[in-house]
Each structure stands twice: as structure tokens, then as C-alpha cells.
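Given next are the chains, with one letter for each unit.
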Amino acid sequence: TATIDGTVTTPNIQVTAAGFGGAGTSGVGGNGAGGTSLLQVRGTLDAGNGFMGNGGYGGNGVTAGGNGVGGSGTVDVTGSMDVATTFLMQDDATGGTATAGAAGTADGGDALFSSHDGGSATIGALTLTALGDPGTGKVAVDAGSGCDCGPGTIAAGDLSLISGGDLNVQTIGGNITV
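The rules behind these values
- Residue indices follow the written sequence of each chain, beginning from 1 at its first position.
- Reporting in this predicted model follows two pLDDT cut-offs: at least 70 for local features of residues, and 80 or more for side-chain atom pairs to be given and counted; totals over whole chains, interfaces and linings ignore these cut-offs and use all residues.
- In computing side-chain properties, one takes all heavy atoms of the structure into account and sets aside hydrogens as well as water.
- Think of it this way: any DSSP run of H or I at least four residues long counts as a helix, any run of E at least two long counts as a strand, and we number them from the N terminus.
- When we talk radius of gyration, it's over C-alpha atoms, and the globule rule is simply 2.2 Å times the number of residues to the 0.38.
- Each residue is assigned to one of three classes by its accessible area relative to the maximum for its type, calculated with a 1.4 Å probe on protein chains only: buried under 20%, partly exposed between the two thresholds, exposed over 50%.
- Only heavy atoms matter for contacts: two residues are in contact if any of them lie within 4.5 Å across the pair.
- Note: two strands are recorded as paired if DSSP finds a minimum of 2 bridges between them.
- By salt bridge we mean one thing: a side-chain nitrogen of Lys or Arg within 4 Å of a carboxyl oxygen of Asp or Glu.
- The pairing test for Phe, Tyr and Trp rings, Trp by its six-membered ring, is centres within 6.5 Å, and the orientation test on the planes gives stacked under 30 degrees, edge-to-face over 60, and tilted for anything in between.
- The patches described consist of residues with a relative accessible area above 30% and no salt bridge, like charges being joined within 9 Å and nonpolar side chains (Val, Leu, Ile, Met, Phe, Trp, Tyr) within 5 Å.
- The Shrake-Rupley method, run with a 1.4 Å probe sphere, supplies the accessible areas, and residue values consider only the shown protein chains as cover.
- Asp and Glu are treated as the negative residues and Lys and Arg as the positive ones, with His and the ends of the chain left uncounted.
- Charge positions come from single atoms, namely NZ of Lys, CZ of Arg, CG of Asp or CD of Glu.

A. The arrangement of the overall build of the chain in detail. Looking only at helices and strands, one finds zero helices and 18 strands in the chain. Computed over its C-alpha atoms, the radius of gyration of the chain comes to 17 Å, within 12% of the 16 Å expected for a compact globule of 178 residues. Within the chain, the fraction of its 178 residues that count as buried is 43%. For the chain, the proportion of contacts with a sequence separation of at least 24, taken over those separated by at least 6, is 74%.

This is the structure:
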């Protein structure tokens, strides 16, 4: 978790909790589970670019691949967030392969970007991904409609939302502009 209450100016901001399964040299690959990361911007953040990676990556094996489970990443803006170029939230999952058996499963994680209670987020290119096996993963972008709170704004020069499962987006054009 990274919480910004004052003012931070940085070329890069990164908050990650990825998990990697080990290789199974004679059996099953290890399971990899992404963790949970939270970026709270209550003050002012001015960054060149940003990354949140909570992927889960199963290890390769012989008899079976390890399973991958994507983690959960949340950006919560109630202050001011300005990212000049790109901000990538990647909560994907990949199952490991096997030389003599089945590949592991991949359960995509969750990526949420929220600005509310007067918060303002301005980003050159915002990308949220939560990929895994079909039907898994969740991506959500919200400017104050999904909570018992006041509105915020999200302005992105480019917005890419990629999910193997759920995609929840408030109407573009009001408090969210691209």
C-alpha cells in the first residue's frame, strides 16, 4: 500500500504484489498468486508514468503446469493525480505449461481505478488489464457513482480496458473523459 497525503513528484510510481510459481523439474509446476496493492492519492501525485502489477504466474512443470491467480489492484483518488504518459494496472494470470501433462489454470484478477469526493485524475494513457482463462478477471473505472460519496473526475488521453470477465465502466463523457 502506498498512501500519498502530501505532495509527491516522481518520474515513476510503482506499487506491485506479483506472485510467481516455481518450476517443477520432475513434477508439477508451482502455483503463483498475485497479492493486493493499493495506491491512495489523498494529496498530490505528479508522476511521469506508473505501474501496478499484481499478476499471478504459474510455474512450468513436467506432469502439470502450476496455476496462476491474479491479484487485486486499486487506485483510489480523492486528491490530485497527474501522470504525464502511461499508467498501467496489470492483474493478469497465466498458468504454467507442462511437457507431459495439462497446463495450469489462470484466474484473472481485479483492477479498479476510482476518483471520488472531489478527486481529480489526469493521465496520458490509462490501461487496466485483468486477463486469465475466459470468464475470469474484472476491470472497473468509477468517478463516484459506485460508492456513497461525491463525484470525482478521470481524464485520460487514451483509455484501454481489457478483461477476460467483467468490465464495469461508468458512462464516458460526464466525469470520465477520453
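B. A look at the pairing of strand β13 (residues 110-115). Where strand β9 (residues 72-77) and β13 come together, six bridges link them in parallel fashion. Each residue of the ladder has a partner; that of D76, found in β13, is S114.

C. Examining the pairing of strand β15 (residues 138-142) more closely. β15 sits mainly inside the fold: four of its five residues count as buried. Summarising the sheet, β13 and β15 pair through five bridges and their orientation is parallel. Along β15, the bridge assignment pairs D110 with K138.

D. Inspection of unusual backbone geometry at higher detail. A positive phi is found at D117, a non-glycine position, where the angle reads about 50 degrees. If you trace the backbone, D117 turns up in the loop between β13 and β14 (120-130).

E. Expanded view of the pattern of salt bridges. Scanning all chains against the criterion turns up one salt bridge. D5 serves as the salt-bridge partner of R42, at 2.7 Å between the closest nitrogen and oxygen. One end of the pair, R42, is in the loop between β5 (36-41) and β6 (44-53); the other, D5, is in the loop between β1 (2-4) and β2 (7-14), and 37 residues separate them in sequence. Accessibility expressed as a relative area gives 52% for D5, which makes it exposed.

F. The sheet that holds strand β8 (residues 68-69), seen in detail. Across the sheet, three strands lie side by side as β4-β8-β12; this open sheet has parallel pairing. The strands lining the two open edges of the sheet, one partner per strand, are β4 (32-33) and β12 (106-107). Two elements, β4 and β8, share two bridges in a ladder whose sense is parallel. Residue pairing across strands places A33 opposite V69, the latter belonging to β8.

G. Quick look at the packing of aromatic side chains. Per the counting criterion, the structure on display carries two aromatic pairs. Measuring from centroid to centroid gives 5.2 Å for F20 and Y57, while their planes differ by 20 degrees, and the two rings are stacked. Residue F20 is found in strand β3 (residues 19-20), and its partner Y57 is found in strand β7 (residues 56-57); the two are separated by 37 residues along the sequence. Its relative accessible area of 22% is what places Y57 among the partly exposed residues.

H. Local environment of a negative patch on the surface. Together, D107, D110, D133 and D166 make up a negatively charged patch on the protein surface. Locating D110 in the fold gives a position in strand β13.

I. Spotlight on the environment of H116. Examined against the element boundaries, H116 turns out to sit in the loop between β13 and β14. Note: C-alpha distance between H116 and A98 (18 residues apart in sequence) is 45 Å. Excluding residues within four positions of it along the chain, H116 makes contact with D76, V77, T78, G144, C147, C149, G150, P151 and G152.

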